[in-house]
Amino acid sequence: MSLIDNHSAVPQGHTLILVGHGATGFWPIFKHSQEYLDQQPDPINRWSERIGNAFATQLQGNAVFPFTGPPYQPFLSWAQTNGDSFPSPLGLHFHRQHGLWHAYRFGLLVNTQTFEHHVHNTPTSASQPCTGCAQPCMTSCPVGAFSSAGYAVASCRAYVAQNPNSSCARSGCIARLACPYTPTSTVNPSHDGYEAAQHQYHMAEFAKQVR
Ligand code: B12
């Protein structure tokens, strides 16, 4: 059942809190979780459900998840509406604080009244450094998967699947890594902040999807 019926509008009297993370912080916690360690499929989705539903219960609200679908809930459009992010040339969104290295894990739909003293719903505006950038992200993909025509998912996936020892598969998407912006949330500015195991996990999951 969808809590947000038309897949975009937040019901009146409710506030949607998007919960996600930048490059750092998530993996050190997640890698010790029961979901990661139990070797069952979709550990991040199951972790997100456990944590998201627990928060929702505490806040007497409901959790929504980015992976429920198709049709999928428009997490990135929601983030953009709030001024948190905007579409980068890659299609991935650029977050005002985390650059290209952010992802959402769940949303919390709560009664606004419960939060009226806590929620400061002032939309912010993500700065747009892509505009003046040489955009090395668009020219660094080994199979040219990103162009003005969009994202060639099949070429990207085939390359990663057939080249498990490539830089993309071992150290993360080269196009995403080419972004010169240093996230303010990254502890070590010379690195995107993901652990190698985190890159490898995400790229392996991506490579094995049949969609
Ligand atoms: C289906 C899907 C995919 C598909 C197809 C993507 C596509 N081009 O259509 C596949 C499997 C290929 C994919 C891949 C990846 N995805 Co993906 N994906 C989704 C998912 C589940 C649904 C997208 C959708 O149809 N939404 C419905 C529409 C209505 O939502 P929307 O907000 O209005 O639409 C926005 C997106 O379509 C976005 N968009 C447009 N073009 C592209 C291209 C890319 C590459 C991406 C990621 C997004 C994107 O712009 C729209 C708004 O401006 C979302 C989660 C979600 N619920 O949105 C994650 C999501 C978009 N993916 C995400 C990520 C991180 C990835 C990967 C980088 C994962 C990885 N490997 O680490 C890869 C990209 C490949 C790479 N080079 O590494 C993040 C994006 C975060 C960000 N910074 O922008 C999301 C939001 C998931 C999350 N938990 O946060 N993904």
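This structure is a prediction, so every number in the text was calculated from the model and none was measured. (Residues numbered from 1 in each chain as written. Predicted model: local features only at pLDDT ≥ 70, side-chain atom pairs only at ≥ 80, totals over all residues. Heavy atoms only, no water.)

As a further point, take the site of the ligand. Taken together, 29 residues lie near the ligand, and Gln73, Ser77, His93, Tyr104 and Tyr151 sit nearest. Serine 77 places a polar side-chain atom, nitrogen or oxygen, 2.5 Å from an oxygen atom of the ligand. Tyrosine 104 is positioned with one of its backbone polar atoms (N or O) 2.6 Å from a nitrogen atom of the ligand. Of all the secondary-structure elements, those providing two or more residues to the shell around the ligand are α4 (75-81), β5 (103-111), α5 (153-162) and α8 (196-208). For the shell around the ligand, the element with the highest residue contribution is α4, accounting for four residues. When its residues are assigned to classes, the shell around the ligand shows 17 nonpolar, eight polar and four charged. (Near = heavy atom within 4 Å. Polar contact = N/O pair within 3.5 Å; in protein donor to acceptor, adjacent residues only side chain to side chain. Helix = DSSP H or I, 4+ residues; strand = E, 2+ residues; numbered from the N terminus. Nonpolar A, V, L, I, M, F, W, Y, C, P; charged D, E, K, R; others polar.)

So, about helix α3 (residues 43-58). In this model, α3 (16 residues) spans 23 Å end to end at C-alpha, consistent with the 22 Å of a helix rising 1.5 Å per residue. Listed in full, the buried residues belonging to α3 are Pro43, Ile44, Trp47, Ser48, Gly52 and Ala56. Buried residues in α3 make contact with α1 (26-30), α2 (34-37), β2 (62-64), β5 and α8. Where α3 ends, the next residue or the one after it, glutamine 60, has phi of about 55°, a positive value. (Expected span 1.5 Å × (residues − 1). Buried < 20%, exposed > 50% of the residue type's maximum accessible area, 1.4 Å probe, protein only. Contact = heavy atoms within 4.5 Å.)

This next bit is on α5. Those residues of α5 not exposed but buried are Cys156, Arg157 and Val160. Seen along its axis, α5 keeps its buried residues to an arc of 95°; they face one direction. Among the exposed residues of α5, those pointing more than 90 degrees away from its buried face are Ala154 and Gln162. The inward-facing, buried residues of α5 contact β7 (150-151), α6 (167-171) and α8. (Arc of directions from axis to C-beta.)

Turning to the side chain of arginine 176, a few remarks are in order. With respect to the secondary-structure elements, arginine 176 resides in helix α7 (residues 174-177). There is a polar contact of 3.1 Å between the side chain of arginine 176 and the backbone oxygen of leucine 100. Excluding its chain neighbours within four sequence positions, the residues that come into contact with arginine 176 are Leu90, Leu92, Leu100, Trp101, His102 and Tyr194.

As a further point, take the packing of aromatic side chains. By the definition in use, this model includes 16 aromatic pairs. Ring plane angle 70° and centroid distance 5.3 Å describe the contact between tryptophan 27 and tyrosine 36, whose orientation is recorded as edge-to-face. Judged by relative accessible area, tryptophan 27 falls into the buried class, the value being 1%. Tyrosine 36 sits in the partly exposed class, given a relative accessible area of 27%. Ring-pair connections join several aromatic residues into one group, and the members of that group are Phe26, Trp27, Phe30, Tyr36, Trp47 and Tyr201. Taking the ring centre of phenylalanine 26 as reference, the NZ or CZ of arginine 105 above it sits at 5.0 Å. (Phe/Tyr/Trp six-rings, centres within 6.5 Å; stacked < 30°, edge-to-face > 60°. Lys NZ or Arg CZ within 6 Å of the ring centre and 35° of its normal.)

Tallying each qualifying case throughout the model produces five salt bridges. Across the pair glutamate 195 and lysine 31 runs a salt bridge, and its minimum N-O distance is 3.2 Å. With glutamate 195 in the loop between α7 and α8 and lysine 31 in the loop between α1 and α2, the pair connects residues that are 164 residues apart, well separated along the chain. Looking at glutamate 195, the relative accessible area reads 28%, which means it is partly exposed. In this structure, arginine 50 and glutamate 35 form a salt bridge, with 2.6 Å as the shortest nitrogen-oxygen distance. Residue arginine 50 is located in helix α3, and its partner glutamate 35 is located in helix α2; the two are separated by 15 residues in the primary sequence. Look at glutamate 35 and you get buried, because its relative accessible area is 4%. (Salt bridge = Lys/Arg side-chain N within 4 Å of Asp/Glu carboxyl O.)

In this structure the tally under the stated criterion is one cavity of 30 Å³ or more. Here the largest cavity defines a volume of roughly 70 Å³. In this structure, the largest cavity is lined by Cys141, Pro142, Val143, Phe146, Cys156, Tyr159, Val160, Cys168, Cys173, Ile174, Ala175 and Met203. Elements with a contribution of two residues or more to the lining of the largest cavity: α5 and α7. Broken down by element, the residue count for the lining of the largest cavity peaks at three residues, all from α5. Classifying every residue of the lining of the largest cavity by side-chain character gives twelve nonpolar, no polar and no charged. (1 Å grid on protein atoms, 1.4 Å probe; cavity = no way out; pocket = protein on both sides within 12 Å on 5 of 7 lines; lining within 4 Å. Points joined across faces, edges and corners; volume = space filled by probe spheres on them.)

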